Amino acid sequence: MSDDRFHEAAEALRAIGRNVEAPSNDLGLWLVDGHECTDGELIALAHLFGLVEGPEQAQ
């Protein structure tokens, strides 16, 4: 999965009012509303809100 997909998910979450901070530490974890998230969790959260397509829909 490319980094663009993660940044797209982050921007989509920001657009609905979520506070999303890009990874800035050695662990590479995103901060979403103060909670640490992995890349996969970030995508899953954006998918949960219907902001990005899930893997089952992507072609």
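Structure shown above.
Counting from 1, residues in each chain are numbered in the order their sequence is written. Since the coordinates come from a predicted model, pLDDT governs what is reported: local features require at least 70, and pairs of side-chain atoms require 80 or more to be given and counted, while whole-chain, interface and lining totals use all residues. Note that the side-chain values use all heavy atoms of the structure and ignore hydrogens as well as water.

**Quick notes on the sheet that holds strand β3 (residues 35–37)**
Moving on, step 1. The rule for pairing is simple: two strands pair if DSSP sees at least two bridges between them. Under the DSSP-based scheme used, a helix requires at least four consecutive residues in state H or I and a strand at least two consecutive residues in state E, with every element numbered from the N terminus. One open sheet accounts for three strands, arranged β1-β2-β3; its pairing is antiparallel. In the strand order of this sheet, the two ends are held by β1 (20–21) and β3, each with one partner.
Moving on, step 2. In the sheet, β1 pairs with strand β2 (residues 30–32) via two bridges, with the strands oriented antiparallel. From the neighbouring strand, glutamate 21 faces β2, where its bridge partner is leucine 31.

**A closer look at helix α2 (residues 39–48)**
Moving on, step 1. Three exposure classes are used, based on accessible area relative to the maximum for each residue type with a 1.4 Å probe and protein chains only: buried under 20%, partly exposed in between, and exposed over 50%. Restricting attention to buried positions, one finds in α2 the residues Leu42, Ile43 and Ala46. Along the long axis of α2, the arc covered by the buried residues comes to 95°, so they all point the same way.
Moving on, step 2. Residues are treated as being in contact if the distance between any of their heavy atoms lies within 4.5 Å. For α2, the secondary structure elements touched by its buried residues are α1 (3–15), β1, β2 and β3.
Moving on, step 3. At the C-terminal side of α2, glycine 50 shows a positive phi close to 75°. Comment: arc refers to directions from the helix axis out to C-beta atoms.

**Comments concerning the nonpolar core**
Moving on, step 1. In this text, buried Ala, Val, Leu, Ile, Met, Phe, Trp, Tyr and Cys residues form a nonpolar core when linked through side-chain atoms within 4.5 Å. Among the nonpolar cores identified, the biggest contains twelve residues, and these are Phe6, Ala9, Ala10, Leu13, Val20, Trp30, Val32, Cys37, Leu42, Ile43, Ala46 and Val52.
Moving on, step 2. Breaking this core down by element, the ones donating at least two residues are α1, β2 and α2.
Moving on, step 3. Per element, the largest residue contribution to this core is four residues, and it comes from α1.
Moving on, step 4. Excluding anything up to four places from it in sequence, leucine 42 contacts Phe6, Ala9, Ala10, Leu13, Val20, Trp30, Val32 and Cys37.

**What to know about the environment of phenylalanine 6**
Moving on, step 1. Its place among the elements puts phenylalanine 6 in helix α1.
Moving on, step 2. With 37 residues separating them in the primary sequence, phenylalanine 6 and isoleucine 43 have C-alpha atoms 6.6 Å apart.

Everything listed is a geometric property; what it means functionally is a separate question.
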